[in-house]
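Listed below are the residues making up each chain.
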Amino acid sequence: MTRYPLLLALGLGGLSLFIAPTSDAQDADELVIGTASPAGVYHQAGRAICRVVEAPCRPEPGDGSVANLRALRNGELGIALAQSDIHYYAFSGTEGFQEAGPDSRLRSLFSLHGEPFTLVVRRDAGIQGLDDLEERAVNIGNPGSGQRGTMLRLMDARGWSLGSFRLANDLPAEQQAMELCHGKVDAMVYTVGHPNESVAQAIRLCDATLVDVEGPAVDMLVEAYPFFSRASIPGGLYGEDQPAIRTFGVRATLVASADTDPDRVYRLVADVFDNLLRFKAYHPAFGTLKPREMIQAGLSAPLHEGALRYYREQGWVDESGRVPDRPASRPADSATTTP
Ligand code: GLU
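Fair warning: this is a prediction, and the values are worked out from it, not measured in the lab.

### What to know about the overall build of the protein
Now for step 1: Summing up its helical and strand segments, the protein has 13 helices and 10 strands in all.
Now for step 2: In the protein, once contacts between residues fewer than 6 apart in sequence are set aside, the share between residues at least 24 apart is 73%.
Now for step 3: Working note: accessible area of the protein is about 14800 Å², and carbon and sulfur atoms make up 50% of it.

So, in structure tokens, the structure goes:
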């Protein structure tokens, strides 16, 4: 999390010492939400949450899901966004979290938009789908990002290692489109909601295109893991000739630590659901959000007690915290409450 100007500015020792007393005083109350690259949708989600919550709130850019879950575990963040696959790995202590072990303090708040695994290629690269990536130069995502985690899992399922590519680059989302356009890589991958700035840039600046991600490796992942599902990207989102895409994907989830103050979590969750229509209007990726899905889909860790309190009050979950088939009160799909 060091490549952002705000954080670099904190490296200016004398200056940060000088302003420390005021900012510390403000920080104690401030809700900080760990997001990802400003070129993606997480940062927009963090901004949208901060716009509906009635508390000082700031979205904090960073490396992405894996970095967020690590920061949550070691207390550097209280609330963050993370992909549902990485969320599961952190909670169960699998994949990239084997060494750290299961994070028993990890808690779920709710899930947000779907994140299709997205393969973007230069048109002159002759790449029609996943299998054509072999021996090519591919940006597989920065360390700490969710897209790198999804890609590594897919590579494993496909029987590939880093050596299967001529070059496996690790640039963050806000730099990968330029790398693609300059011909340094033939393809880039991104697990992300749509539309987003990184993909839009690649298409706008060098007429890149999206291709399907299908085949036996994808079938295996979707069948074997509850956090993967078939996904699609509608045609025309990035211009008239952008085709509809078939791929697989995960969901964005909002997570916290069991140590995160339950009252703050309760207020955040209440503000988001009480203002869901307004929240949904902040980004097209949020347009199809449905409360009933949001409180269960993609959530591997137990619900945070602050979130649970709100869902119980609404009658959306029973005493055991489950969403019953016939809840006392069904979360309205379009949200009954407006600002
Ligand atoms: N899914 C990506 C990650 O976890 C972030 C996508 C976004 O910024 O919207 O790293």
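### Looking at the layout of surface pockets
Now for step 1: There is about 480 Å³ of room inside the largest pocket.
Now for step 2: Taken together, 24 residues make up the lining of the largest pocket; nearest its centre are His113, Gly114, Pro116, Ala285 and Thr288.
Now for step 3: When residues of the lining of the largest pocket are traced back to their parent elements, those giving at least two are strand E4 (106-121), strand E9 (229-233) and strand E10 (245-257).
Now for step 4: When its residues are assigned to classes, the lining of the largest pocket shows 12 nonpolar, eight polar and four charged.

### Digging into the nonpolar core
Now for step 1: Counting 62 residues, the largest nonpolar core has Phe110, Leu268, Val269, Phe273 and Tyr311 as the members making the most contacts within it.
Now for step 2: Looking at this core element by element, the count peaks at seven residues for helix H10 (residues 262-274).
Now for step 3: Ranked by size, the runner-up nonpolar core spans 40 residues in total, among them Leu77, Ala82, Tyr89 and Val218.

### Describing the site of the ligand
Now for step 1: Of all residues adjacent to the ligand, which total 14 residues, the nearest are Val41, Ser65, Gln83, Gly146 and Thr191.
Now for step 2: Gln147 places a polar side-chain atom, nitrogen or oxygen, 3.3 Å from an oxygen atom of the ligand.
Now for step 3: In this structure, a nitrogen atom belonging to the ligand sits 2.7 Å away from a main-chain N or O atom of Thr191.
Now for step 4: For the shell around the ligand, the class distribution of residues is five nonpolar, eight polar and one charged.

### Concerning the packing of helix H7 (residues 173-181) against helix H8 (residues 197-206)
Now for step 1: The interhelical angle for the contact between H7 and H8, taken along N-to-C directions, is 20 degrees, at an axis separation of 8 Å. Between H7 and H8, the interaxial angle falls into the category roughly parallel. Both H7 and H8 take part in a crossing whose hand is right-handed. Residues Ala173, Glu174, Gln176, Ala177, Met178, Leu180 and Cys181 of H7 lie in contact with H8, whose contacting residues are Ser198, Gln201, Ala202, Leu205 and Cys206.
Now for step 2: Among the residues making up the contact of H7 with H8, the classes are represented as eight nonpolar, three polar and one charged.

### Here we look at helix H5 (residues 84-92)
Now for step 1: Residues of H5 that are buried: Ser84, Asp85, Ile86, His87, Tyr89 and Ala90.
Now for step 2: Those residues of H5 hidden inside the fold are in contact with helix H4 (65-73), strand E3 (79-83), E4, helix H6 (146-158) and E10.
Now for step 3: Among the residues trailing H5, Gly93 stands out with phi positive, at a value near 65 degrees.

### Re the state of the cysteines
Now for step 1: By the definition in use, this model includes two disulfides.
Now for step 2: Here Cys181 is linked by a disulfide to Cys206, with a sulfur-sulfur distance of 2.1 Å. In this structure the cystine formed by Cys181 and Cys206 twists about its S-S bond by roughly -70 degrees; its chirality is therefore left-handed. Of this pair, Cys181 sits in helix H7 while Cys206 sits in helix H8, placing them 25 residues apart in sequence.
Now for step 3: Relative accessible area serves as the criterion here: at 21%, Cys181 is assigned to the partly exposed category.
Now for step 4: For the protein, the bonded cysteines pair up as 1-2, 3-4 when numbered in the order they occur along the sequence.

### Description of the environment of Met155
Now for step 1: Positionally, Met155 belongs in helix H6.
Now for step 2: Take Met155: its relative accessible area is 2%, and that puts it in the buried class.
Now for step 3: Along the chain, Met155 and Leu130 lie 25 residues apart, while their C-alpha atoms are 9.9 Å from each other.
Now for step 4: In contact with Met155, not counting residues within four places along its chain, are Trp160, Ser161, Leu162 and Phe165.

### What about the packing of aromatic side chains?
Now for step 1: If you walk through the whole model with that rule in mind, you get 18 aromatic pairs.
Now for step 2: Aromatic side chains Trp160 and Phe165 sit 5.6 Å apart centroid to centroid with 70 degrees between the ring planes, which places their arrangement in the edge-to-face category. With respect to class, Trp160 is no different from Phe165; both count as buried.
Now for step 3: Ring centres 5.7 Å apart and planes at 85 degrees place the aromatic pair Phe273 and Tyr311 in the edge-to-face group. Note that Phe273 is positioned in helix H10 and Tyr311 in helix H13 (residues 305-313), a separation of 38 residues in sequence.
Now for step 4: The class of Phe273 is buried, set by a relative accessible area of 3%.
Now for step 5: Following the ring pairs from residue to residue traces out a cluster consisting of Tyr88, Tyr89, Phe117, Tyr225, Phe227, Phe228 and Phe248.
Now for step 6: Taking NZ or CZ as reference, Arg70 lies 5.8 Å from the ring centre of Phe97, over its face.

### Thoughts on unusual backbone geometry
Now for step 1: Cis geometry marks the peptide bond from His194 to Pro195; its omega dihedral reads -5 degrees.
Now for step 2: In this structure, Pro195 sits in the loop between strand E7 (187-191) and H8.
Now for step 3: Its identity is not glycine, yet Glu95 carries a phi of approximately 50 degrees, on the positive side.
Now for step 4: Position of Glu95 among the secondary structure elements: in the loop between H5 and E4.
Now for step 5: Taking the relative accessible area as the measure of exposure, Glu95 reaches 38% and is therefore partly exposed.
Now for step 6: Its identity is not glycine, yet Glu135 carries a phi of approximately 65 degrees, on the positive side.
Now for step 7: If you trace the backbone, Glu135 turns up in the loop between E4 and strand E5 (137-139).

Definitions and limits used
- Here the residue numbering is sequential within each chain, running from 1 through the sequence in written order.
- Predicted model: local features are reported for residues with pLDDT of at least 70 only, side-chain atom pairs are reported and counted for 80 or more only, and whole-chain, interface and lining totals are derived from all residues.
- Each side-chain value is worked out from all heavy atoms of the structure, with water and hydrogens disregarded.
- Comment: elements are numbered from the N terminus, with helices defined as DSSP H or I runs of at least four residues and strands as E runs of at least two.
- Contacts between residues were defined by any pair of non-hydrogen atoms, one from each residue, lying within 4.5 Å.
- We get accessible surface area from the Shrake-Rupley algorithm with a probe of 1.4 Å; when it comes to residues, only the shown protein chains can shield them.
- Using a 1 Å grid laid over the protein atoms alone, points where a 1.4 Å probe fits but cannot get out form a cavity; open sets with protein on both sides within 12 Å along at least 5 of 7 lines form a pocket; any residue with an atom within 4 Å of a point counts as lining.
- Grid points are joined across faces, edges and corners, and a volume is the space filled by probe spheres set on the points.
- Gly counts as polar in this scheme, as do all residues outside two lists: the nonpolar Ala, Val, Leu, Ile, Met, Phe, Trp, Tyr, Cys and Pro, and the charged Asp, Glu, Lys and Arg.
- Think of a nonpolar core as a cluster: buried Ala, Val, Leu, Ile, Met, Phe, Trp, Tyr and Cys residues, connected wherever their side-chain atoms sit within 4.5 Å.
- Burial status follows relative accessibility: with a 1.4 Å probe on protein chains alone, a residue under 20% of its type maximum counts as buried, one over 50% as exposed, and anything between as partly exposed.
- We define proximity as follows: a residue is near a molecule or strand when any one of its heavy atoms falls within 4 Å of that partner.
- Any pair of N or O atoms that falls within 3.5 Å is considered a polar contact. Within protein, one atom must be able to donate a hydrogen and the other to accept it, and sequence-neighbouring residues count only if both atoms are side-chain atoms.
- Working convention: axes come from line fits to C-alpha atoms, limited for helices to the stretch in contact. Angles between N-to-C directions cover 0 to 180 degrees.
- Under this scheme an angle from 65 to 115 degrees is roughly perpendicular, one under 35 degrees roughly parallel, and one over 145 degrees roughly antiparallel; angles in between are oblique.
- Each helix crossing is assigned a hand: it is left-handed if the near helix lies turned anticlockwise from the far helix by less than a right angle, otherwise right-handed if that turn is clockwise.
- Cysteine sulfur atoms are paired as a disulfide whenever they come within 2.5 Å of each other.
- For Phe, Tyr and Trp, rings pair up if their centres lie within 6.5 Å, where Trp contributes its six-membered ring, and each pair is then called stacked (planes under 30 degrees apart), edge-to-face (over 60) or tilted (otherwise).
- Only lysine NZ and arginine CZ atoms are considered, and such an atom sits over a ring when it is within 6 Å of the ring centre and within 35 degrees of the ring normal.

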